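Architecture at a glance
What follows is the residue order along each chain.
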Amino acid sequence: MSAAPARRPLALIVDDEPDICELLAMTLERMNIPAETCNDVTTARHMLEAREYSLCLTDMRLPDGDGLELVEWMQARGIETPVAVITAHGNVETAVRALKVGAFDFISKPLDLQALRKLVDSALRLPKVKAAPGGTRMLGDSPAIVDLRAMIGKVARSQAPVHITGESGTGKELVARMIHEQGSRAAGPFIPVNCGAIPSELMESEFFGHKKGAFTGAISDNKGLFQSAEGGTLFMDEIGDLPLPMQVKLLRVIQEKLVRPVGGQDEVAVDVRILSATHKDLRELVANGQFREDLFYRVNVIELQVAPLRDRLEDVAVLTDHMLRRLAADHGIDEPKLTAAAGAKLAGYRFPGNVRELENILERAVALCGDAAIDADDIQTQGAGSPSATTTASALGDQLQSVERDAIVKALEETRHNKTAAARNLGLTLRALRYRMQKLGLD
């Protein structure tokens, strides 16, 4: 018996300008997507209740309301049709509001048909995207993690910029990878970058690329991070470390979706979703004049907070089991077991360095225990872990720097001080490794 043919996607266009409706319908028809049209919010609601659409395009201004009201209505009724709002050119505030209330994306007038086709392609891929069984996971059963996983699934259906907050070591990049993998851009690249690891004089070239001969050492064209992330996601970790001049350039790229390589004459269109993170308080940086307020509102359309491990200690056991299994597989050994005393020591610790510290503690414990079970003496923690100790920012910074310094020294020793090989083993660029070594006094 032959399989039933796939159902053709169907779009709904909501606009009171006949010329716009006709242009959109013709563009979609050329993509083999039939479209139905209406010119007000009331009719659109009736049509969305009567049948299932693969995509909805709505103008912002309508005779009996606006596109945001329609988006909010769809969200309230659980209608999962991706909806894109058509906004006036340059109306950034409206675009941000649309994304905040649940729009999949937005497009500005006058309509750029190439950008519209990209938007439609992304929207039509969305319903088919599911997290792969072996994909990135956020482990734990605590209420904080259960809620976070639910939010990740929700924001993954949008193209809105997401800002991820949380202390160092909580797993902010893991959250970003999950958003990417569960969204319509999963087949595209995921490009992570630590903004604090790029020297300021090289930032523009790293982000936007450069042309051959643009400066000393530019021996060939370089695409840059934005073009490398084309069709996918650019994750900007520690975005609070960007210097103000770079913030201005980044804001323009996010708004215009165009980059100009250093030494280049022409601008290049980019289709990239921006995810960002920081352990700092961006609002405080804005108040202190260290971070631009307009950029803050562009990258912080949706905010996700990752709880520190001390606030979800019930997850320590499942994280420990997972990490020990992985360490055993990596080292080709039997999975180490914890004695009751070791388990109790972990359960009573406050983890100022969060999940990253737990992983480091277990790596050391596996090395110390040999073939025996991991005992309490093998669990080397940073002091008693009292609340007063764990909330001291300077102490936390010292502990994390100690962990980072140990990792770099170990990598250098294992590669006989071959910095290129050490950087590769640490998952860093050579430039980033040199920068971290200088910052930690390891030159």
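Residues numbered from 1 in each chain as written. Predicted model: local features only at pLDDT ≥ 70, side-chain atom pairs only at ≥ 80, totals over all residues. Heavy atoms only, no water.

**Some thoughts on the sheet that holds strand 2 (residues 35-38)**
With parallel pairing, 5 strands are arranged side by side in an open sheet as 2-1-3-6-7. Strand pairing shows two members of the sheet lacking a second neighbour, strand 2 and strand 7 (105-108), which therefore form its edges. The average angle at which neighbouring strand axes cross in this sheet is 20°, direction not considered. Here strand 1 (residues 11-14) runs beside strand 2; their pairing, made up of 4 bridges, is parallel. Residue pairing in the sheet places Ile 13 in a bridge with Thr 37 of strand 2. Packing against the sheet, helix 5 (residues 113-125) makes contact with strand 3 (55-59), strand 6 (83-87) and strand 7, and its axis sits at approximately 165° to strand 7. (Pairing = 2+ DSSP bridges. Helix = DSSP H or I, 4+ residues; strand = E, 2+ residues; numbered from the N terminus. Axes fitted to C-alpha atoms, helices over the stretch in contact; angles between N-to-C directions. Contact = heavy atoms within 4.5 Å.)

**Some thoughts on the packing of aromatic side chains**
Evaluated as defined, the whole model comprises 6 aromatic pairs. Between Phe 190 and Phe 235, the ring centres sit 6.2 Å apart and the planes meet at 20°, which makes this aromatic pair stacked. One end of the pair, Phe 190, is in strand 9 (residues 190-194); the other, Phe 235, is in strand 10 (residues 233-237), with 45 residues separating them in the sequence. Taking the centre distance of 6.4 Å and the plane angle of 50° together, the rings of Phe 207 and Phe 208 count as tilted. By relative accessible area, which is 0% here, Phe 207 ends up buried. (Phe/Tyr/Trp six-rings, centres within 6.5 Å; stacked < 30°, edge-to-face > 60°. Buried < 20%, exposed > 50% of the residue type's maximum accessible area, 1.4 Å probe, protein only.)

**Quick notes on the sheet that holds strand 13 (residues 273-278)**
Read from one edge of the open sheet, 5 strands run 9-10-13-8-14, paired in parallel fashion. On the outer flanks of this sheet lie strand 9 and strand 14 (302-305), each paired with one strand and no other. Neighbour to neighbour, the strand axes of the sheet diverge by 20° on average, direction disregarded. Relative to strand 10, strand 9 is paired through 5 bridges, and the arrangement is parallel. Within strand 10, the position partnered with Phe 190 by the bridge is Thr 233.

**Quick word on the confidence of the model for the chain**
With 90% of its residues at a pLDDT of at least 70, the chain reaches an overall mean of 86. The low-confidence segment residues 127-133, where pLDDT is below 50, has 7 contacts with residues more than four positions distant or belonging to other chains. Here residues 384-394 is a poorly scored stretch, pLDDT under 50, and it has 10 contacts once near neighbours within four places are set aside; other chains count. (pLDDT = per-residue confidence, 0-100.)

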